[in-house]
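Fold and geometry: a report
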Amino acid sequence: MEKRFRMSRPSSPAPSGPRSVAVVGAGMVGLSTAWFLQERGADVTVYDRAGVAAGSSWGNAGWLTPGLATPLPEPAVLSYGVRAVLSPSSPVYVPPSANPALLRFLAGFARNSTAARWLRAMRALVPINGLSLSSFDLLAEGGVEARTLDAKSFLAAYRTAGERRVLLEELEQIHAAGQSMEFDVLDGDEAREVEPSLSDGIGAAIRLHGQRYIDPGHFVHSLADAVRARGGEILESTEVTDVRDAATGTTVLTGDGRSRRFDAVVLATGAWLGRHARKFGVRSLVQAGRGYSFSVPVEHVPSGPVYFPGQRVACTPLGDRLRVAGMMEFRKPEAPLDARRINAIAEAARPLLRGADLDARTDEWVGSRPCTTDGLPLIGRTRSPRVFAAGGHGMWGITLGPATGLLLAETILTGERPAQLAPFDPLR
């Protein structure tokens, strides 16, 4: 069944719905799903092979920007060319030794990087984007101690007004898809009045309104604390080796030789989603699109996020430091951090920031975003009525994690799929 979803305080689970649910993955998506399952009365156990926020949830930019949550495959991607994506300094990087699975993913990604397919995918994202910020508000109302931060300013900054046209056109397309975004168009001096940390190399900008941000590692750990406080169990350093399904329940087996049976299981394992989901009919490729970040001291901490779209570099104020993030590196998720990517991000940001010591880097990090070929997540029931997928959000797992958890908990515990999830069928 499918139904429309209205934002409200969730009710109790249906009498016949699952009572015990395992969630595999302790990132933003998995823990949000666990929290909303608890909100409806389910008993929850969360497994993670490493720990809370150990994957792509810790070091990302932490933006809550539903207005910019767009499909990753876009026409601009096709303009990079082979030579560009093979360069270690390119913001989109493909290793020359790409394996057949990655080549299949890239071929599918390219097929979806057309204007028509982008618009269709964008229209699919608009309804869940609309629940994004209010889902965070539900977490706060329900006792999650970490809060979202209003972006007093959110600037997309460019060297020239000509470069800015790309985002202005995209904002028009986003509006055409049914999603609104308020913004101002600024010149370089106006942008520096708003944000003194911008260098004289910035000649044009767009100021976005109504966006928020978080310290993602801190937020996800607070969410884990809330799940534990409600009686949920989070098993860290526990790798799930198999998920076995039967009419009487679903069994989770772990690397320590233990097994436990649950009424339902949620697979929220990010870039590793296919490892267990494939046996339950999920054929969509999920590829790691690795992002890098680090933090630096800055003379003037920005009052909100700063984005340099031309360089694909995202900056977020966290305390007295600035997190600088970027890169889309298509490699195996477990590959080690490549210092060349960190250096490339620093050099791209250097001429655009004022007062940032990009050589005093700490917290250098790489995390694997789970990307799909069509740019849409995989959320919902698999071939088994007891096994559910929650992943493939690409760059938007933080922004859409709570909304995903809200909608998926509704699906699991009532058997009715909210209309917002229809485009994200894991079996598509």
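First, a word on what this report is: a plain description of the structure on this page. Position numbers for residues count from 1 along each chain, tracking the sequence in the order it is written. At least 70 in pLDDT is required for a residue's local features to be given in this predicted model, at least 80 for side-chain atom pairs to be given and counted, and no such filter applies to totals for whole chains, interfaces and linings, which use all residues. Side-chain numbers come from the whole structure's heavy atoms, not from hydrogens or water.

**Topic: unusual backbone geometry**
Of note, Ser237 is a non-glycine position whose phi angle comes to about 50°, a positive value. Each helix is a run of H or I in the DSSP string that is no shorter than four residues. Each strand is a run of E no shorter than two, and both are numbered from the N terminus. Here Ser237 lies in the loop between strand 11 (233-235) and strand 12 (240-246). Backbone geometry at Arg312 places phi at a positive 55°, although glycine is not the residue there. With respect to the element layout, Arg312 can be found in the loop between strand 17 (306-308) and strand 18 (313-318). When accessible area is computed with a 1.4 Å probe and restricted to protein chains, residues below 20% of their type maximum are described as buried, those above 50% as exposed, and intermediate ones as partly exposed. Assessed through its relative accessible area of 24%, Arg312 is described here as partly exposed.

**Some thoughts on the pattern of salt bridges**
A side chain of one charge can pair with a side chain of the opposite charge if their charged atoms are brought near each other. Salt-bridge detection follows one rule: a side-chain nitrogen of Lys or Arg within 4 Å of a carboxyl oxygen of Asp or Glu. In total, this model carries 27 salt bridges according to the counting rule given. The salt bridge involving Arg354 is made with Asp200; its shortest N-O contact spans 2.7 Å. One end of the pair, Arg354, is in the loop between helix 10 (339-349) and strand 20 (362-372); the other, Asp200, is in the loop between helix 7 (188-194) and strand 9 (204-208), and 154 residues separate them in sequence. A relative accessible area of 35% means that Arg354 is categorised as partly exposed. A salt bridge links Glu364 to Arg361, with the shortest nitrogen-to-oxygen separation between them at 3.2 Å. Classification of Glu364 as partly exposed rests on a relative accessible area of 40%. For Arg361, a relative accessible area of 23% translates into the label partly exposed. One network of salt bridges, in which partners are shared, links Arg290, Glu329, Arg331, Asp338, Arg340 and Arg341.

**With respect to the sheet that holds strand 2 (residues 20-24)**
With mixed pairing, 6 strands are arranged side by side in an open sheet as 11-3-2-15-22-21. What marks the edges here is a single partner per strand, and that holds for strand 11 and strand 21 (378-381). Shown here is a sheet whose adjacent strand axes are inclined to one another by a mean of 20°, direction ignored. Strand pairing is assigned whenever DSSP identifies at least 2 bridges connecting the two strands. Bridging between strand 21 and strand 22 (residues 387-391) involves 4 bridges; their strand directions are antiparallel. When the sheet's bridge partners are listed, Arg381 is paired in strand 22 with Phe388. Lines fitted to the C-alpha atoms define the axes, with helices restricted to the stretch that makes contact. Angles between their N-to-C directions range from 0 to 180 degrees.

**Brief notes about the side chain of Thr372**
Within the secondary structure layout, Thr372 lies in strand 20. Residue Thr372 is classed as buried on the basis of its relative accessible area of 4%. N or O atoms within 3.5 Å of each other form a polar contact, as long as, within protein, one can give a hydrogen and the other can take it, and as long as residues adjacent in sequence are counted only when both atoms are side-chain atoms. At 3.2 Å, the side chain of Thr372 forms a polar contact with the backbone nitrogen of Gly375. Within polar-contact distance, the side chain of Thr372 engages the backbone oxygen of Leu376 at 2.8 Å. When sequence neighbours within four positions are dropped, the list of residues in contact with Thr372 reads Pro73, Phe105, Phe109, Leu285, Val286, Leu378, Gly392 and Arg428. Any two residues whose heavy atoms approach within 4.5 Å are treated as being in contact.

**Thoughts on the packing of helix 5 (residues 132-141) against helix 11 (residues 397-414)**
Running from N to C, helix 5 and helix 11 point in directions that differ by 70°, and their axes come no closer than 8 Å. When the axes of helix 5 and helix 11 are compared, the pair comes out roughly perpendicular. When helix 5 is examined against helix 11, the residues Ser132, Ser135, Phe136, Leu138 and Leu139 are found in contact with a partner set consisting of Ile398, Thr399, Leu400, Pro402, Ala403 and Leu406. Partitioning the contact of helix 5 with helix 11 into residue classes produces 8 nonpolar, 3 polar and no charged. In these notes the angle categories are as follows: under 35 degrees is roughly parallel, over 145 is roughly antiparallel, 65 to 115 is roughly perpendicular, and the rest is oblique. Only Asp, Glu, Lys and Arg are considered charged in this grouping, and only Ala, Val, Leu, Ile, Met, Phe, Trp, Tyr, Cys and Pro are considered nonpolar; every other residue, Gly among them, is considered polar.

**Regarding the side chain of Asp48**
Note that Asp48 resides in the loop between strand 3 (43-47) and strand 4 (63-64). Although Asp48 is buried, it makes no salt bridge; Arg49 carries the closest opposite charge, 5.8 Å away. Once residues lying within four places of it in the same chain are set aside, the contact partners of Asp48 are Gly25, Ala26, Leu235, Glu236, Ser237 and Thr238. In this tally Asp and Glu are treated as negative and Lys and Arg as positive; neither His nor the chain ends contributes.

**Examining the sheet that holds strand 10 (residues 212-213)**
Across the sheet, which stays open at both edges, the 3 strands sit in the order 4-10-6 with antiparallel pairing between neighbours. Either end of the sheet is taken by a strand with one partner, and the two such strands are strand 4 and strand 6 (149-150).

**So, the packing of aromatic side chains**
Aromatic contacts are taken between Phe, Tyr and Trp rings whose centres are within 6.5 Å, Trp giving its six-membered ring; a plane angle under 30 degrees counts as stacked, one over 60 as edge-to-face, and the others as tilted. The final tally for this structure, using the stated rule, is 9 aromatic pairs. Seen from their ring centres, Trp35 and Phe36 are 4.9 Å apart, and the 80° between their planes marks the pair as edge-to-face. The class for Trp35 is buried, based on a relative accessible area of 0%. Taken together, the ring pairs in this structure connect Trp63, Phe154 and Tyr307 into an aromatic cluster.

**Things to note about the nonpolar core**
To qualify as a nonpolar core, a set must consist of buried Ala, Val, Leu, Ile, Met, Phe, Trp, Tyr and Cys residues joined through side-chain atoms within 4.5 Å. Counting residues in hydrophobic clusters, the biggest one holds 74 residues, and the most contacted among them are Leu31, Leu37 and Val266. The element best represented in this core is helix 11, accounting for 9 residues. Of all hydrophobic cores here, the second largest spans 28 residues; its members include Leu155, Cys315, Ala346 and Ala349.

**Examining the packing of helix 4 (residues 115-129) against helix 6 (residues 161-176)**
Contact geometry for helix 4 and helix 6: axes closest at 9 Å, N-to-C directions at 55°. For the element pair helix 4 / helix 6, the angle class is oblique. With respect to the hand of their crossing, helix 4 and helix 6 are arranged in right-handed fashion. Side by side, helix 4 and helix 6 meet where Trp118, Leu119, Met122 and Arg123 of the first sit next to Glu170, Gln173, Ile174 and Ala176 of the second. Looking at side-chain class alone, the contact of helix 4 with helix 6 contains 5 nonpolar, 1 polar and 2 charged residues. Crossings are classed by handedness, with left-handed meaning an anticlockwise turn of the near helix from the far one by less than a right angle and right-handed meaning a clockwise turn.

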